[in-house]
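The residues making up each chain are set out below.
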Amino acid sequence: MDKRWARPTLRRGLSAEDHIAAGLQGVRKRVVAAAVRAGRDPGSVRLLAVSKSKPAAAIRAAYAAGQRDFGENYVQELVQKRAELADLTELRWHFIGGLQRNKARHVVGVELVHSVDRAELAVELAKRVEAEGQRLSVLVEVNVAGEAQKSGCAPEALPAVLEVIAGSNALRAEGLMTVPPAVDDADEARRFFAELRALRDRHASALGRGELSMGMSHDFEVAIAEGATLVRVGTAIFGAR
Ligand SMILES: *Cc1c(COP(=O)(O)O)cnc(C)c1O
């Protein structure tokens, strides 16, 4: 793990806003460098700033520094921050957390839901989005390592979830998302990222843009090497939670 940007301590003399801008700039540089090392166009990797548990002011600071895509994990936080930050007209919200069916209506209107992981949730989301006369882009979250107690569908269950989405006019599947097992060395996550990419390739015809949402603060460079198109970074931008 690269500790430079994960370190929660404030650098002396920097305001909280400057600290976030510096964190963002450091992560952007690392994203570009990782893409170049992998022989990829840096423009093919989108940085998502994960702002869970961070106040609206932190999001404003990142927005002022040019960040536009933000990820939230909890419905209640999303609803509250969406209202508080409605004046930031170019801000795009992503929902990346576990979603209960009875909260599905609250994510209607976001840019992308990364965490559709079961057919029943897709059915409910489709119903809610349709009722609002809208469309919603989603990713299917896959538990590639088959960890118990972890969100994400089993790779074998992916076709059934995709079938529900394909049968709805309201939902569009644009790719896959995963959170690999916690490992000490980011390189150990590589095979899980490669597995998600292989699944994406196998189901490419049902996955629109073929997005791969994978990689967090401690492993986004490895994820980019394995084809990530969306990296979800919190701590390395905003500091420890
Ligand atoms: C919290 C979270 C992140 C960001 O994690 P960091 O280690 O802070 O970068 C990314 N994805 C998901 C699903 C998360 O819950």
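Summary of the structure given here.

Parameters at a glance
Residues numbered from 1 in each chain as written. Predicted model: local features only at pLDDT ≥ 70, side-chain atom pairs only at ≥ 80, totals over all residues. Heavy atoms only, no water. Helix = DSSP H or I, 4+ residues; strand = E, 2+ residues; numbered from the N terminus. Rg over C-alpha atoms; globule rule 2.2 N^0.38 Å. Buried < 20%, exposed > 50% of the residue type's maximum accessible area, 1.4 Å probe, protein only. Contact = heavy atoms within 4.5 Å. Areas by Shrake-Rupley, 256 points an atom, 1.4 Å probe, with all protein chains shown as cover. Near = heavy atom within 4 Å. Polar contact = N/O pair within 3.5 Å; in protein donor to acceptor, adjacent residues only side chain to side chain. Phe/Tyr/Trp six-rings, centres within 6.5 Å; stacked < 30°, edge-to-face > 60°. Lys NZ or Arg CZ within 6 Å of the ring centre and 35° of its normal. Pairing = 2+ DSSP bridges. Right-handed = clockwise from strand over helix to strand, strands pointing away. 1 Å grid on protein atoms, 1.4 Å probe; cavity = no way out; pocket = protein on both sides within 12 Å on 5 of 7 lines; lining within 4 Å. Points joined across faces, edges and corners; volume = space filled by probe spheres on them. Nonpolar A, V, L, I, M, F, W, Y, C, P; charged D, E, K, R; others polar. Salt bridge = Lys/Arg side-chain N within 4 Å of Asp/Glu carboxyl O.

### A look at the overall build of the chain
A tally of regular secondary structure across the chain gives eight helices and eight strands. Computed over C-alpha atoms, the radius of gyration of the chain comes to 17 Å, within 12% of the 18 Å expected from 2.2 N^0.38 for 241 residues, which places it in the range of a compact globule. Here the chain, with 241 residues, has 52% of them falling under the buried criterion. The contacts of the chain with a sequence gap of at least 6 include a subset with a gap of at least 24, amounting to 60%. Surface accessibility of the chain: about 11,200 Å² in total, with carbon and sulfur atoms responsible for 48%.

### As for the site of the ligand
In the vicinity of the ligand, 13 residues are found, and the nearest of them are Lys 52, Asn 73, Ser 217, Thr 235 and Arg 241. Ser 217 places a side-chain nitrogen or oxygen 2.5 Å from an oxygen atom of the ligand. Here Arg 241 contributes a side-chain N or O atom positioned 2.8 Å from an oxygen atom of the ligand. Its free accessible area being 380 Å², the ligand has 89% of it covered by the protein chains.

### Thoughts on the packing of aromatic side chains
A complete count under the given rule lists one aromatic pair for this structure. Relative to Trp 93, the ring of Phe 70 lies with its centre 6.3 Å away and its plane at 55°, an arrangement referred to as tilted. Taken together, the residues span a long stretch of sequence, with Phe 70 in strand β2 (residues 69–72) and Trp 93 in strand β3 (residues 92–95) at a distance of 23 residues. Accessibility assignment for this pair places Phe 70 and Trp 93 in one class, buried. The ring of Tyr 63 has Arg 68 lying over it, and the distance from NZ or CZ to the ring centre is 3.7 Å.

### Comments concerning the pairing of strand β6 (residues 171–177)
Burial within β6 is extensive, with six of its seven residues counted as buried. Here strand β5 (residues 136–141) pairs with β6 via six bridges, running parallel. Bridged to Val 140 within β6 is Leu 176. A crossover links β5 with its parallel partner β6, the connecting element being helix α5 (residues 158–166), and its sense is right-handed.

### Considerations on the layout of surface pockets
Regions of empty space are outlined by a rolling probe, equal in size to a water molecule, passed over the atoms. Of the pockets and cavities examined, the largest pocket occupies roughly 270 Å³. As for the largest pocket, its lining consists of 19 residues, and the residues nearest its centre are Lys 52, Asn 73, Val 179, Met 216 and Arg 232. Here the residues of the lining of the largest pocket are counted per class, giving six nonpolar, eight polar and five charged.

### Details of the pattern of salt bridges
One pass over the full model with this rule turns up 19 salt bridges. Put simply, Asp 87 and Arg 60 hold a salt bridge, and the shortest N to O gap is 2.9 Å. Within this pair, whereas Asp 87 is found in the loop between α3 (75–84) and β3, its partner Arg 60 is found in helix α2 (residues 56–64), the two being separated by 27 residues in sequence. Arg 128 is paired through a salt bridge with Glu 124; the nearest N and O atoms lie 3.1 Å apart.

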